[in-house]
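# Working through the structure, step by step
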Amino acid sequence: MAEKRVAKFQTKKCAKIVYGDDDRITHLPDDILVDILSLLSLKEAVCTSVLSSRWHNLWKQIYRLNFDPHSSLQKRTKQGFESCKEKREKYVKWVNCVLRKHKAAILKDFIIRLRLSKTFQKDVTRWIKFAIVRHVQRLELDLTTGDSSLINCSLPQELLTRNTSSEIDLKFKSLRVLCLKSVDVTEEDIKFFQSKCPMLEELVVDRSLELLNVEACGGPSLVLKHLELTRCYNLKSVKVSAPNLTLLSIHGSHSCLKSVKISAPNLTSLTVQKVESLFLENVPRLVEVSICRVYSDVSAKDVFSAFACCDFQLEILTLEIKPFEVRR
C-alpha cells in the first residue's frame, strides 16, 4: 500500500509541473525577446509576428539583419546568372519591404549575400544608406555574380565624400567590420573609411576592379587588425603602416603587383601573391609568411633579405618562385 501511495503522489506531482506551469516567455520584457529574435534567421523572426498582437512588431526591432538566400538563387546553374532573374528580383523586393518596416535605431550586423550586378545599383545604394544611418557595426555585401562580363555595383559617393555632414560622419564611427565583395572600391574610398571609421578593425575587399593602389597608414589611433585584398585584378601597389595589424592577405590578382611595403609591429600572418618588390620594416612578431609566384626578376636572395628583420620569429615560410626563363 505504501508503494502505491508513493507512486500516486509522484504522478500527481509530475502532472502539476507539466500542466500547471505558465508560459514564461510571455512574461519576458520586450528587450530580452528582441535579443532572442536577433539570434534567429530573419525569416524565422518575421514568422513570430503571427503568435499574438504583442509579437506582431517585435521582429522589427531586431539588430541583426542577414539576407542570405540559399538554393537556386545562389548556386551557379547551367543557364547562368540570368536563369534566376525573376527570383532574384522578387527577393530584392522582399529585402526592400523588410527594410521599410524595420524600426531599430541601431544595427549590429547588416549582411547581404546575393548575386547582383550594376542593374541593382539603386537598391544597393539604398541598403548601404540604411545600414550606415543605423550606426551599423558589421557591414557585409557579397554581390558576387560569377560572371566576369557583368559590371559591379559601386559605393554611394554621396556618402563617401570629404564634405559629408558631421551628422553622417558620426554614423560611421560604430563600424567595426567592413566586407565588400564584387563591389567596386577606389583608393579614395579606402582613405575615407580610415579617416571616418575610428573603430574599424577588419576590412575585406574582394573583386574590386577599380582598386589600383592601396595605402593603409596611420598612427596608434588606427585600430585596423585584419586586412584582406583578394582578386582585385588591377591592383598595382600596397603600402601598409598599421601598428595594430595582425593579418595581411593580398592574393588573387591577374597581374603582378609592383610593390608591397609593410610596417606593422604586431603583424603575425602575411600572404602575398605575385609581387615584384617586397619591403618589410618593423615586423618583429611575424610568424607565418606565404609568398606565391615571385617573378624571375627578383632573385631568391632578394626575397629572403626582406625577412632579415624577422627571421628569428618566423615559424612557417612558404615561398614559390617562378622558374627563370633561359634566353638564347
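First, a word on scope: everything that follows refers to the structure included in this document. Note that residues are indexed from 1 along each chain, following the sequence as it is written. Totals for whole chains, interfaces and linings use every residue, but because this is a predicted model, local features are given only for residues with pLDDT of at least 70 and side-chain atom pairs only at 80 or more, for both listing and counting. Note that water and hydrogens are dropped before the side-chain values are worked out from all heavy atoms of the structure.

## Re the layout of surface pockets
Quantified by volume, the second largest pocket comes out at close to 180 Å³. Points on a 1 Å grid over protein atoms alone make up a cavity when a 1.4 Å probe fits among them but cannot get out, and a pocket when they form an open set with protein on both sides within 12 Å along at least five of seven lines; lining residues each have an atom within 4 Å of a point. As for the second largest pocket, its lining consists of T144, T145, G146, D147, S148, L150, N152, S182, R207, L209 and Y233. Under the convention adopted here, Pro, Cys and the residues Ala, Val, Leu, Ile, Met, Phe, Trp and Tyr are nonpolar, Asp, Glu, Lys and Arg are charged, and Gly plus all remaining residues are polar. Partitioning the lining of the second largest pocket into residue classes produces 3 nonpolar, 6 polar and 2 charged. Grid points are joined across faces, edges and corners, and a volume is the space filled by probe spheres set on the points.

## A look at the side chain of H102
Secondary structure elements are taken from DSSP: a helix is a run of H or I of four residues or more, a strand is a run of E of two residues or more, and numbering for both begins at the N terminus. Relative to the helices and strands, H102 resides in the loop between α4 (85-101) and β2 (109-113). Three exposure classes are used, based on accessible area relative to the maximum for each residue type with a 1.4 Å probe and protein chains only: buried under 20%, partly exposed in between, and exposed over 50%. Residue class for H102 comes out buried when judged on its relative accessible area of 3%. Every residue pair with non-hydrogen atoms within 4.5 Å of one another is taken to be in contact. Not counting residues within four places of it along the chain, the set of residues in contact with H102 comprises W59, K60, Q61, I62, L65, L107, F130 and R134.

## Considering the packing of aromatic side chains
For Phe, Tyr and Trp, where Trp contributes only its six-membered ring, two rings pair if their centres lie within 6.5 Å, and the inter-plane angle classes them as stacked under 30 degrees, edge-to-face over 60, or tilted in between. Going through the model one piece at a time under the given rule, you end up with 6 aromatic pairs. Judged by centre distance (5.8 Å) and plane angle (80°), the ring pair of F67 and W94 falls under edge-to-face. One end of the pair, F67, is in strand β1 (residues 64-67); the other, W94, is in helix α4, and 27 residues separate them in sequence. Note on W94: relative accessible area 26%, which makes it partly exposed. With 6.1 Å between their ring centres and 65° between their planes, F67 and F110 make a pair best called edge-to-face. Here F67, found in strand β1, pairs with F110, found in strand β2; they are 43 residues apart in sequence, far enough to count as distant. By relative accessible area, F67 is classed as buried at 0%. A relative accessible area of 0% places F110 in the buried class. Taken together through their ring pairs, the aromatic side chains of F67, Y91, W94, F110 and F130 make up a single cluster.

## Re the pairing of strand β8 (residues 213-217)
Of the two faces of β8, the one holding V214 and A216 is buried and the one holding N213, E215 and C217 is not buried anywhere. In short, DSSP must find at least two bridges between two strands for them to pair. Where β8 meets strand β10 (residues 237-241), 5 bridges bridge the pair, whose relative direction is parallel. Bridge pairing in β10 links E215 to K239.

## Topic: the pairing of strand β12 (residues 257-263)
Among the 7 residues in β12, 5 count as buried, and that is most of the element. Two strands pair when backbone bridges link them, and β10 and β12 are joined in this way by 5 bridges, in the parallel orientation. Along β12, the bridge assignment pairs S237 with S259.

## Digging into helix α2 (residues 30-37)
Every buried residue belonging to α2 is among L33, V34 and L37, and all of these are buried. Each buried residue of α2 lies within a common arc of 100° when the element is viewed along its axis, so the set occupies one face. Among the structural elements, α3 (42-47) are those in contact with the buried residues of α2. In this context, the arc is that of the directions from the helix axis out to the C-beta atoms.

## Brief notes about empty space enclosed by the protein
This model, assessed by the stated rule, comprises 2 cavities of 30 Å³ or more. The volume enclosed by the largest cavity comes to roughly 70 Å³. Lining the largest cavity we find I190, F193, Q194, C197, L200, L203, A216, L222, L224 and L227. No other element matches helix α7 (residues 187-196), which puts 3 residues into the lining of the largest cavity. Estimates place the volume of the second largest cavity at around 60 Å³. At the level of elements, α5 (121-133) and β5 (177-181) are the ones that each hand at least two residues to the lining of the second largest cavity. Broken down by class, the residue content of the lining of the second largest cavity amounts to 11 nonpolar, no polar and no charged.

## Section: the environment of D35
Position of D35 relative to the elements: it lies in helix α2. Overall, the relative accessible area of 35% leaves D35 in the partly exposed class. Taking the C-alpha atoms as reference points, D35 and I62, 27 residues apart in sequence, are found 7.2 Å from one another.

## Here's the deal with the environment of E140
Note on placement: E140 falls in strand β3 (residues 138-142). C-alpha of E140 to C-alpha of I112: the two residues are 28 residues apart in sequence and 6.3 Å apart in space. Here E140 is in contact with F110, I111, I112, R113 and C179, once residues within four sequence places are set aside.

## Description of the pattern of salt bridges
Salt bridge, as used here: a side-chain nitrogen of Lys or Arg that lies within 4 Å of a carboxyl oxygen of Asp or Glu. In the structure shown here, the tally under the stated rule is 11 salt bridges. Linking R64 and D109 is a salt bridge whose minimum nitrogen-to-oxygen distance equals 3.1 Å. Taken together, the residues R64 in strand β1 and D109 in strand β2 connect sequence positions 45 residues apart. For R64, a relative accessible area of 30% translates into the label partly exposed. D109 sits in the buried class, given a relative accessible area of 18%.

## Notes on unusual backbone geometry
Trans peptide bonds make up most of the peptide bonds, and negative phi angles are found at most residues other than glycine. The phi dihedral of H135 falls on the positive side, at around 55°, and the residue is not glycine. With respect to the element layout, H135 can be found in the loop between α5 and β3. Residues other than glycine seldom take positive phi values, yet S182 does so here, at roughly 60°. Residue position: S182 is located in the loop between β5 and β6 (183-184). On the accessibility criterion, S182 (5% relative accessible area) is buried.

These results come straight from atomic positions and should not be treated as a statement about function.
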